[in-house]
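Notes for the structure review
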Amino acid sequence: MGVVHLAWDPLLRRQVALKRLLNADPVMALRFMREAQIQARVEHPRICKVFEVGSEGEHPFIAMQYIQGQTLGEAKDDLGINEKACIMANVAGALHAAHQMGLIHRDIKPSNILLEFCEDGTCVPYILDFGLARDQSVADLTLSWGLVGTPAFMSPEQAEGCEATQSSDIYSLGATFYALFGGHPPFEATTLAGLIHQQDTQIIRCLRRTIPGFPQDLDTILLKCMEADPARRYDSAFDLEEDLRRWLAGEPIRARAIGPLGRAWRRIKRHRTLSLAITAGALVALSLAGWNVHAARRARAQVELAQTFGLQVREVEQLLRIERMLPAHDIRPAEVQVKRRMSDIRTTMAKLGLVAEGPGHYALGRGHLALREFSLALDELAKARRAGFDSPDVAYATGSALMEGYFDELLHRNPQPSEHEAIRQRFAVPAHAEFIRAMGRSQEDPAFGEAQVAMLELDYPLCIRKCKDAFKARPWMYEAKVLEAQAWGLLANQSLGLGAETIRSVGEGRAALKNGESALEDALRLAPSDERICGVMLAQIVRESTFDADGGEPSEAIFKRGDALCARAMLIRPDDLRVRQDWAYGRVRQGFVQLRTGVDVRPLMRETLKALQADERKIKDEGLADVIAYLHWILADGQFRRGEDPLHELELMAFFLKPGTFDHVQPACLLAEFLASRGRSPLPVLEDAERILETGPQAKSNNYYPLTVWGNLLLVRAEWEMDEGRDPRATLDRAVLHLEQSQRLSPNSVFPPMHLVLAHAWKARRALALGQDPAPHLEAALTSGRRGLAITRSHYRLHLGLAEAHRIRALAAFAKRRDPSPFLQEARAALREGSQLNATDFRLFREAVAIEVLAADYALRLNRSPLEDLTQAERMARRGLAIKGDDPKLRLALARIDRMRAAWANSQGLSPDGAIQEARLHLAQSIGIHPSPFTEAERILIEGLASEAPVKALEIFRVYTRNHPYLALDYPIP
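Cut-offs and rules
- Residues numbered from 1 in each chain as written.
- Predicted model: local features only at pLDDT ≥ 70, side-chain atom pairs only at ≥ 80, totals over all residues.
- Heavy atoms only, no water.
- Pairing = 2+ DSSP bridges.
- Helix = DSSP H or I, 4+ residues; strand = E, 2+ residues; numbered from the N terminus.
- Contact = heavy atoms within 4.5 Å.
- Axes fitted to C-alpha atoms, helices over the stretch in contact; angles between N-to-C directions.
- Phe/Tyr/Trp six-rings, centres within 6.5 Å; stacked < 30°, edge-to-face > 60°.
- Buried < 20%, exposed > 50% of the residue type's maximum accessible area, 1.4 Å probe, protein only.
- Lys NZ or Arg CZ within 6 Å of the ring centre and 35° of its normal.
- Polar contact = N/O pair within 3.5 Å; in protein donor to acceptor, adjacent residues only side chain to side chain.
- Salt bridge = Lys/Arg side-chain N within 4 Å of Asp/Glu carboxyl O.
- Expected span 1.5 Å × (residues − 1).
- Arc of directions from axis to C-beta.
- Core = buried A, V, L, I, M, F, W, Y, C linked by side-chain atoms within 4.5 Å.

On the basis of which strands lie adjacent, the open sheet formed by three strands has the order E5-E7-E8 and antiparallel pairing. Of all strands in the sheet, those bounded by a partner on one side alone are strand E5 (70-71) and strand E8 (123-127). Across five bridges, strand E7 (residues 113-117) lies against E8 in antiparallel orientation. Bridge pairing in E8 links Ile113 to Ile127. Where helix H3 (residues 81-100) meets the sheet, its contacts fall on E7 and E8, and the angle it forms with E8 comes to roughly 35 degrees.

This is the structure:
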């Protein structure tokens, strides 16, 4: 409340005790001034005098009599029995004077009685601290005091919340001197509930039974002061003082010690018949009410234990809270200390038996909750309920554990969007029910409890407002900032089509992420050693990178922040697998960015996997294997793009994944591409992936991402069908269906239009091959391309798809014997923009070669030299092979380029032999990797050019292309 200084009064030249209030709270100031007014009204030599009341700025003060001495509790060992009795008599006289003024002290105890020792060795007592006094002469409506006093010295009626009287002060004085003589108060309990229980069920032991030679009359005086019934105590403090002075003078005291048996025997003698009837009735009543008494005692004992355990667990919670608010450091020693205290609670439970089961398990549940061990917390809280201990506090703790478990699942298990509803039903729905049962109870702040409920009801704006209210009321409550940030993050998810609704724009999503980031920075400033904040910030980084992937500018700079956060989290909890998992997920997202921007992803993935190598088996056993699987998948993709065999990494990925889950679908595209490039059918892999999509939970979800993946899967199949000379119409139709549905669900994502460009372009290619009008499909491709460019120009695959669409426009013009050059120029422009974003994807070079080869075909048709176009085509093919040396289509392109050179040389009367030899060499290399209808067509043309009967070879080629109509597009008849 305040601090007391020794001060000098220069006017009256005396030392005074200056009591200053430190808290500027107006209610506290009112209480402080009230104390001075009450104490100043009492004129008695044994009550500390008040000289002056004033203020210094906002801090009021009281100038009081300076008493140089010790408290009664400090001096008790130096006092004899008679001296203590004399002090008690003097204090009783001073209390009587206060009572005469209508004042009840309400907090008599050893520390509020000060002794000043005189030169002759005697001591003078003074009563201090009237801060809890009540004025009986006024209504006293200015303050709500509640239950006041010190439990160990409090009368039974005061402990139960009844109004304190003069008799209450007499009880407290008796309890004070009982403790002074006996060494401990009459009843000892750590909580108020425990004190009430002892006062109701136990009797005060006589001091003469515990202290040999203790005077019986003095014992009688003390016991009369502490009678449970106020009517049996001394009528006034004056009567108490008078009896004490009789005892000190050796005179008989008025109080009489009559034991319970004596009183009962007297009543029986006076009312023999009535007493027998009462006794019989009492026995019947006792037998009927026995169980109720037992239940009541059990309930009261449980309340006492709950308060005792509650104080212990509150200390545990505060210890961890303080540790987390210190500068970043290893928090594990503090957690060891917490677990040791929880072990003490278990030991106490074992000693006390069944009565301690409910309160003990509740306390342990809160302890595990503070340690972030949510499943263990739920187990302990469930045990508390099974033991019959159920209350709003238990419901609130259970709801909190379920809610934290919900966020823990979303943060660390990285579930697919299709799994979110199952997780919500498992955690969020029962958490909401528990918060409702808690009836608005919150151990932190009522507004925070309302925010939790709003979060579970998916009302994120309301959750954010309530979190702000809670933090405004308690600026140290960083948990409100963390919850606010999670609400902002889930609000941002809605702009990605990952929520129940879609907010208006990606801009709103980015703004939501920015607000969440600001809230988390506030939280981290308050709690630098809370690794959970780092985890939530990492989740925000993942969301931000998803925005970049869908419609922004991907950058690796964001992941440097992630590495720094993970380093901090590892400093706080070096052995926490979840921290390493968060770090690894950041590396996964970084890997996706590297794949998109053309950086070689293999070093990053191998470094990350090596760092996690020791944890791989442990992670799999604990169900946290997804991140390891993703790392192997990205490494496999990087290997495929760089000409390495990805099968081993894909097998490792499958090892870490649960069979039949959505996570198997995306790598199926990669595996299918690899198998097709090796001349093996990818159909079994693609069909298995489609079965997962058709039967899994994502089939019924309204999430755009699985539909986008499904569309991409079908495009991989359609490309293989075209390469094998099969009709891709049905596959392309299904791809368009899924991609358009995905686009409707997430209009702000670049991926659906990016894939739609290619799907419509290939439909145009099919129509052209079959002699149909490709224009509607080409227009649809260009419309999708424009839509994608309106979202972002930063994804190279979008430009690659547009280049393909423009090249097919050029093919259509070429087939109609029109000039394809304008369309080829547009194709080159699209490809240049894509190459600036990613200069290392071999597919870009495939497309560049196809564009230049078509330009060369057109030059041949005009009987112009194709050599410049063929040289550019060869340059592009060799650059692509420098990246991916095992690509059969680029090898085949080199064979075709050399065959066209040979044809031009032949037409110019030059020897084609050297070019034909080169063409045969490249063709053999292509066939060695993947024999296909295209390699057979090229073989026919090369050998026809080298033979002496080219017309016959040409006829063979015509027959072959009639059986494979899609070849005619890439191989116009020379």
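The next point concerns the packing of aromatic side chains. For the structure on display, the rule yields 13 aromatic pairs. Ring centres 5.0 Å apart and planes at 80 degrees place the aromatic pair Phe655 and Phe656 in the edge-to-face group. For Phe655, a relative accessible area of 39% translates into the label partly exposed. Its relative accessible area of 6% is what places Phe656 among the buried residues. Summarising the aromatic geometry, the rings of Phe662 and Tyr705 are spaced 6.3 Å apart at their centres and angled 70 degrees between planes, so their arrangement reads as edge-to-face. Taken together, the residues span a long stretch of sequence, with Phe662 in the loop between helix H27 (647-656) and helix H28 (665-677) and Tyr705 in helix H30 (residues 704-723) at a distance of 43 residues. Judged by its relative accessible area of 5%, Phe662 falls in the buried class. Residue class for Tyr705 comes out partly exposed when judged on its relative accessible area of 27%. Counting every residue linked through ring pairs, the aromatic cluster contains Tyr585, Phe592, Tyr630 and Trp633. Above the plane of the ring of Phe814 lies Arg861, whose end atom (NZ or CZ) is 3.7 Å from the centre. Over the ring of Phe842 we find Lys884; its NZ or CZ atom is 5.2 Å from the centre of that ring.

This part is about the pairing of E8. In summary, the side chains of a regular strand alternate between the two faces of the sheet. Of all five residues in E8, five are buried, a share of seventy percent or more. As consecutive antiparallel partners, E7 and E8 are separated by five residues, and within that stretch Gly121 has a phi angle of approximately 95 degrees, a positive value.

Turning our eyes to something else, we now look at the side chain of Arg424. If you trace the backbone, Arg424 turns up in helix H16 (residues 420-437). Since its relative accessible area comes to 18%, Arg424 is described here as buried. At 3.1 Å, the side chain of Arg424 forms a polar contact with the backbone oxygen of Leu456. Those residues in contact with Arg424 that sit more than four places away from it in its chain are Tyr406, Val429, Pro430, Leu456 and Leu458.

Taken as a whole, this structure holds 61 salt bridges when the rule is applied. Lys109 is the partner of Asp107 in a salt bridge, and the nearest nitrogen-oxygen pair spans 3.6 Å. Each member of the pair, Asp107 together with Lys109, is buried. Residue Lys339 pairs with Glu373 through a salt bridge whose shortest N-O separation is 3.7 Å. Taken together, the positions of Lys339 in helix H12 (residues 332-352) and Glu373 in the loop between helix H13 (357-370) and helix H14 (374-386) put the pair 34 residues apart, joining distant regions of the chain. On the accessibility criterion, Lys339 (41% relative accessible area) is partly exposed. Connected through shared salt-bridge partners, Lys468, Lys481, Glu484, Asp522 and Arg525 make up one network.

Another aspect to go through is helix H33 (residues 775-791). Counted at 1.5 Å a residue, the expected span for H33 with its 17 residues is 24 Å, and the 25 Å between its end C-alpha atoms agrees. Residues Leu778, Ala781, Leu782, Ser784, Gly785, Gly788 and Leu789 constitute the buried set of H33. Relative to the axis of H33, the buried residues are bounded by an arc of 160 degrees and lie together on one face. Turned more than 90 degrees away from the buried face of H33, the exposed residues are Pro776 and Ala790. As for H33, its buried residues are in contact with helix H32 (751-769) and helix H34 (796-815).

What follows concerns the nonpolar core. In terms of nonpolar packing, the biggest core is built from 123 residues, with Ile533, Trp762 and Val849 touching the most fellow members. Apart from residues lying up to four places away in sequence, Val849 is in contact with Ala873, Met876, Ala877, Leu890, Ala893 and Ile897. In terms of nonpolar packing, the next biggest core, distinct from the first, is built from 51 residues, Ala98, Ile196, Leu218 and Cys225 among them.

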